[in-house]
Amino acid sequence: MHNQEIAWALSEIADLMDIIGENSFKVRAFRQGALIVESIESPVTKLVARNQLSKIRGIGKGLCAEIESLVHYEKSQLLEKLRNEVPPGLLEILDLPNVGISSVRTFFKAGITTIEELEEMAKARKIRQLPGQGPKTELAILRGIEMIRRRSGKFPIGIAKSAAESFVHFLKNLPEVNRVELTGDLRRHEEMVQEIYILCTAEEESALLELLKKHPSATHILDEGAGYLRFRLTFGIPMHIEVTSEAEFIPRWVETTGTEAHWQALQDLRREQASHYNNPWQSYQTTEEAEENYYESLQLPWIAPELRDSGQEVEKAKQGKLPKLIKEQDIRGDLHIHTKWSDGVSSLEEMVMACQSRGYEYMAITDHSQSLHIARGLSEEQLLKQKKAIESLNKNSADFTVFSGVEMDILTDGRLDYPDEFIQEMDLVIASVHTSLRQERHKIHNRIEQALKNPHVDILAHPTGRLLGSRDPYDVDIDWLFDLAAKTGTVLEINASPERLDLSANLVKQAKERDILIAINTDAHDRARLGDIQYGINNARKAGLEKEDVLNCYSLKEVQKILNKPKSKRNSRS
DNA sequence: GCCGTTTTCGGCCCGACTGTTTTCAGTCG
C-alpha cells in the first residue's frame, strides 16, 4: 500500500471520528498521523517490515496498529467500523465550505445524510430553522453544493496522480505485463482529472483483466469489455485500464492521450498527406521515442502531452511554432520555502540540504510573518536572527546561495505586516493574502494594490487564493491584477502545491501574453514536498511557458541582477 | 491518541471574523 493511501485512510478515520463526536485530540492525532505518513519519503511498508514505524514522532501505539493492519491486510477494522456507523454522504457534506463538524452533526441529527437531502432542505428554506444555522449559511451551503457540482465528479490532479503512480508501479511489477503507460487527462496534466487511464500490453489480455478484478482496490467494477476494465478505487476515483496489442500500443497511446480535437487534427493531417504509419516501435528504447516516431510519420515534431488540447497545436507544430517548453532541469532554485522556524516541519539546514541534493543553485527561505499566529509567524527580531543563521550557512558554501526571505501577510486593511525599512533589508519578499478571503472586491483590490505597489514586494504568492476543487478564488478582477503586476514589475507565482496550483495554467497563459515574469515555487513545508515543483512545471508547460518566462530558471547572478533592479524595470527581460 | 514527564495523567498552536445570537459558537487559516 502506497503512503498516500495510508494517509487517506487515517484522515478518513479522523473525519468519521469527528462526526460521531470522538475526543477532539484523538481526532487530531489521526489527522496529524495522516500528514506525517504523507511526508515520509520512504515507503511506510518498509518501515513496518523493519519495525521502525513507532520510532517516528507522532506515531504511537494506536496509529501504529492501524497502519500495520492497512499494510498487512489493506484494511483497518476501525475504519470499517466507522464507515458502518456514519453514512458516507456526511463526509461529502463536511467537505463543503462553511460547513464544519458541528454543522454536520446538526444535520445528521435532523436526519440529513446526503448532499441531495441537504440541498432539498436548503432550497425549502428549512436549514435556517436548525440550531446555529441561518439564512446566510443556507445560501453559503447552496453555493458550496454548486461548486461541488461544477467539479462534476472530477478529482484534483494531486490525488489522482499519487493513486495512479502506485497502480502503475503495481502493474509494472506483474510478470504478465510488458508495457505500462499513463494516458488520458492525467498525462496531459489537466488540473482536475475525470479518471485515471492506464494503457498496457500483456501476453494474455483476458487473464490479466481477470487478475486485476481480484485486486483489493477493485471493489467496485464500473464497466468492463473487450480489452478494458473500469473500476472505482477505494477512494472514489475511477480507474480505466486498457490492454492492447504491442502493434496497436503507440497509436492507442497517442489517441487516448490527446483530446478528441487533437486526435481529429492528426487524423485530418494523415488523410491530407495520405501518409501511413508503420509500426517499427519495438526497435526503440523507450515508448516516448516510439511516440516521436509516430508524429514524425506525419512530418510533425513531437508535441508535448500538455499541449495536445484544441487541435491548433497541430497547425503550430506544422509551422514549427511550438514553444520550447520549460523542463524540470531548467529550474535552478525554489523561492518559497518554509521551515520549523514558522509552521514548517523540516529544519532550515534540512531544507537547504534537500535543495542542494535536487541540484539547485539557490533557494529562498520564506517563513510566515508575525500576524499569522497560527503558523507561528516570525517577529522582526526572530526574522533577523534567522537572517544571521542563513548568512553563516552561506559563508560555508561557495556554490550554493540561500536567500533570506519572508512570506509577508497582506493584512485585512491593506497594511503590510512589517514596515518598509524592515523588509528592504530582506533578499526576497513574497506577499500573500491568507486572511479574510471573502472580502468584497474593492477591499481585496485595495490589499493587493498596496502590496504590489510596494517597492520591496518581489513576488505575489498564490495570486487568486483558490484551493483546487475545494475553494473558489477570492473576488479579484484578473485583468486588473495582471495590469497592476505588469505595471509594477511584480513577479506572479505558480504555487506548485497540488492543493493550490495557483495561478492555473489558463491564467498563466494570459500572464505570459502581458510579459509578466513568473516564479514556480513549491511553498514546501517539509522536504518531501519540494518534489511538488513538478506540478508547477507541468502547469507552466500547459501554459506554453519557456524558461525565459520564469524567474527561477535564471542563474544566481541573473536573479540577483533582476532583484537589484528597481521593480518597475524588472519586466523588461534583459 | 500522542507526548513527556514534576513517569501514568494532563495538556494538546490561537485569533479574527461571521453569522448566529443577545453573549457566543463555529469556521477558517
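Definitions and cut-offs
Residues numbered from 1 in each chain as written. Chains lettered and ligands numbered in written order. Predicted model: local features only at pLDDT ≥ 70, side-chain atom pairs only at ≥ 80, totals over all residues. Heavy atoms only, no water. Helix = DSSP H or I, 4+ residues; strand = E, 2+ residues; numbered from the N terminus. Rg over C-alpha atoms; globule rule 2.2 N^0.38 Å. Buried < 20%, exposed > 50% of the residue type's maximum accessible area, 1.4 Å probe, protein only. Contact = heavy atoms within 4.5 Å. Areas by Shrake-Rupley, 256 points an atom, 1.4 Å probe, with all protein chains shown as cover. Lys, Arg positive; Asp, Glu negative; His and termini not counted. Charge placed at Lys NZ, Arg CZ, Asp CG, Glu CD. Domains from an automatic or database assignment. Buried area = accessible area lost by both parts, 1.4 Å probe. Salt bridge = Lys/Arg side-chain N within 4 Å of Asp/Glu carboxyl O. Axes fitted to C-alpha atoms, helices over the stretch in contact; angles between N-to-C directions. Parallel < 35°, antiparallel > 145°, perpendicular 65-115°, else oblique. Nonpolar A, V, L, I, M, F, W, Y, C, P; charged D, E, K, R; others polar. Near = heavy atom within 4 Å. Polar contact = N/O pair within 3.5 Å; in protein donor to acceptor, adjacent residues only side chain to side chain. UniProt positions renumbered as here; feature names shortened; annotations may be inferred. Phe/Tyr/Trp six-rings, centres within 6.5 Å; stacked < 30°, edge-to-face > 60°. Arc of directions from axis to C-beta. Disulfide = S-S within 2.5 Å. Pairing = 2+ DSSP bridges. Right-handed = clockwise from strand over helix to strand, strands pointing away.

**Student:** Explain the overall build of chain A to me, please; I cannot follow it from the model alone.
**Tutor:** For chain A, the helix and strand inventory stands at 24 helices and 14 strands. Against the compact-globule benchmark of 25 Å for 574 residues, chain A has a radius of gyration of 25 Å, which places it among compact chains. In terms of its C-alpha atoms, chain A occupies a principal-axis envelope of roughly 70 × 65 × 55 Å. Per-residue burial for chain A yields a buried fraction of 53% across its 574 residues. For chain A, the share of sequence-separated contacts (at least 6 apart) that also reach a separation of at least 24 residues comes to 69%. Accessible area for chain A stands at about 26,500 Å²; split by element, carbon and sulfur atoms hold 48% of it. In chain A, 74 side chains carry a positive charge and 89 a negative one; their mean positions are 4 Å apart.

**Student:** Help me out: how do you make sense of the side chain of Asn-539 in this one?
**Tutor:** Within the fold, Asn-539 resides in helix α23 (residues 533-542). Ignoring anything within four residues of it in the chain, the contact list for Asn-539 reads Ile-494, Leu-501, Leu-503, Ser-504 and Ala-505.

**Student:** Which parts of the structure should I look at to understand the domain arrangement of chain A?
**Tutor:** A common way to express how large an interface is: the accessible area buried when the components associate. Per the domain assignment, the segments making up chain A are domain 1 (3-151), domain 2 (153-244), domain 3 (255-322) and domain 4 (328-569). Look at where the C-alpha atoms of domain 2 and domain 4 centre, and you get two points 36 Å apart. Contacts between the two partners involve 9 residues from domain 2 and, on the opposite side, 10 residues from domain 4. Buried area between domain 2 and domain 4, summed over both chains or domains, comes out near 790 Å², and the portion from carbon and sulfur atoms is 59%. Applying the counting rule to domain 2 against domain 4 returns 2 salt bridges. Among the ionic pairs, Lys-542 bridges to Glu-190, the shortest N-O distance being 3.5 Å. Sorting elements by how many residues they give to the side of domain 2 that touches domain 4 places helix α10 (residues 157-172) first, with 3 residues.

**Student:** Explain the environment of Glu-425 to me, please; I cannot follow it from the model alone.
**Tutor:** Mapped onto the elements, Glu-425 comes out in the loop between α19 (420-423) and β11 (428-432). With relative accessibility at 46%, the residue Glu-425 sits in the partly exposed group. Note: C-alpha distance between Glu-425 and Gly-405 (20 residues apart in sequence) is 9.4 Å.

**Student:** Help me understand the packing of helix α1 (residues 3-19) against α10, please; the structure alone is not making it clear to me.
**Tutor:** When two helices pack together, their arrangement is given by the angle between the helix axes and by the axis-to-axis distance. One way to put it is that α1 packs onto α10 with a least axis distance of 9 Å and a crossing angle of 125°. As summarised for this structure, α1 and α10 are arranged oblique, according to the angle between their axes. On the side of α1, the interface is formed by Gln-4, Glu-5 and Trp-8, while α10 contributes Ile-159, Ser-162, Ala-163 and Ser-166. Looking at side-chain class alone, the contact of α1 with α10 contains 3 nonpolar, 3 polar and 1 charged residues.

**Student:** Explanation requested: the protein's contact with DNA strand B in the structure shown.
**Tutor:** By nearness alone, 33 residues border DNA strand B, and Gly-58, Asn-98, Gly-100, Ser-103 and Arg-471 come closest of all. Here DNA strand B approaches the protein such that, of its atoms within 4 Å, sugar and phosphate make up 71%. Within the backbone of Gly-60, a nitrogen or oxygen atom sits 2.6 Å from a phosphate oxygen of DNA strand B. Within the backbone of Gly-62, an N or O atom sits 3.1 Å from a phosphate oxygen of DNA strand B. Looking at the surface near DNA strand B, the elements that each hand over two or more residues are α2 (24-39), α4 (61-73), α7 (101-109) and α9 (135-151). Of the residues forming the surface near DNA strand B, the biggest block, 5 residues, is contributed by α2. For the surface near DNA strand B, the residue count by class is 12 nonpolar, 14 polar and 7 charged.

**Student:** Could you clarify how one ought to interpret the UniProt feature "domain: Polymerase/histidinol phosphatase N-terminal" (unreviewed entry) in chain A in this entry?
**Tutor:** Within this structure's numbering, the places UniProt gives as "domain: Polymerase/histidinol phosphatase N-terminal" (unreviewed entry) are residues 333-412. Annotated as residues 333-412, this span is 32% helix and 26% strand, and its ends, taken at the C-alpha atoms, are 31 Å apart.

**Student:** So what exactly am I meant to see when it comes to the packing of aromatic side chains here?
**Tutor:** Each aromatic ring pair is described using two quantities: the centre-to-centre distance and the angle formed by the ring planes. Applying the stated criterion across every chain, the model contains 6 aromatic pairs. Pairing Tyr-294 with Tyr-295 gives two aromatic rings, centres 6.1 Å apart and planes at 75°, and the pair type is edge-to-face. A residue is classified by how much of its surface remains accessible, and Tyr-294, at 2% relative accessible area, is buried. Classification of Tyr-295 as buried rests on a relative accessible area of 0%. On the basis of an interplanar angle of 45° and a centroid distance of 5.1 Å, the ring pair of Tyr-418 and Phe-422 is categorised as tilted.

**Student:** Got a minute to help me understand the side chain of Ser-497 in this structure?
**Tutor:** Here Ser-497 is to be found in the loop between β13 (491-495) and α22 (505-513). Excluding residues within four positions of it along the chain, Ser-497 makes contact with Thr-522, Arg-529 and Asp-532.

**Student:** Help me understand helix α17 (residues 348-357), please; the structure alone is not making it clear to me.
**Tutor:** Helical geometry note: an α-helix holds 3.6 residues per turn, so side chains three or four residues apart project in the same direction. Within the span of α17, buried status applies to Leu-348, Met-351, Val-352, Ala-354 and Cys-355. One face of α17 carries all of its buried residues, which in axial projection span an arc of 165°. Turned more than 90 degrees off the buried face of α17, the exposed positions are Met-353 and Ser-357. Packing partners of the buried residues in α17 comprise β8 (333-337), β9 (362-368), α18 (380-395) and β10 (401-409).

**Student:** Which parts of the structure should I look at to understand the state of the cysteines?
**Tutor:** Simply put, disulfide is the name for a covalent bond between the sulfur atoms of two cysteines. Applying the stated criterion across every chain yields a total of 0 disulfides. Free of any disulfide, Cys-355 has its nearest neighbouring cysteine sulfur in Cys-553, separated by 15 Å.

**Student:** Would you mind going over the pairing of β13 with me for this structure?
**Tutor:** Each regular strand shows side chains that alternate between the opposite faces of the sheet. β13 sits mainly inside the fold: 5 of its 5 residues count as buried. Here β13 shows no split at all, with Val-491, Glu-493 and Asn-495 on one side and Leu-492 and Ile-494 on the other all buried. Across 2 bridges, the pairing between strand β12 (residues 459-460) and β13 is parallel. Considered in β13, the bridge of Ile-459 is made with Val-491. Taken together, β12, helix α21 (residues 478-488) and β13 form a β-α-β motif whose crossover is right-handed.

**Student:** What exactly am I supposed to notice about unusual backbone geometry here?
**Tutor:** Note: most peptide bonds trans; most residues except glycine with negative phi. Of the consecutive residues Asp-502 and Leu-503, the connecting peptide bond is found in the cis state with omega at 5°. Within the secondary structure, Leu-503 is located in the loop between β13 and α22. Notably, His-189 is not glycine yet its phi reads approximately 60°, a positive angle. Assignment of secondary structure puts His-189 in the loop between α11 (184-187) and β3 (192-193). Judged by its relative accessible area of 14%, His-189 is buried.

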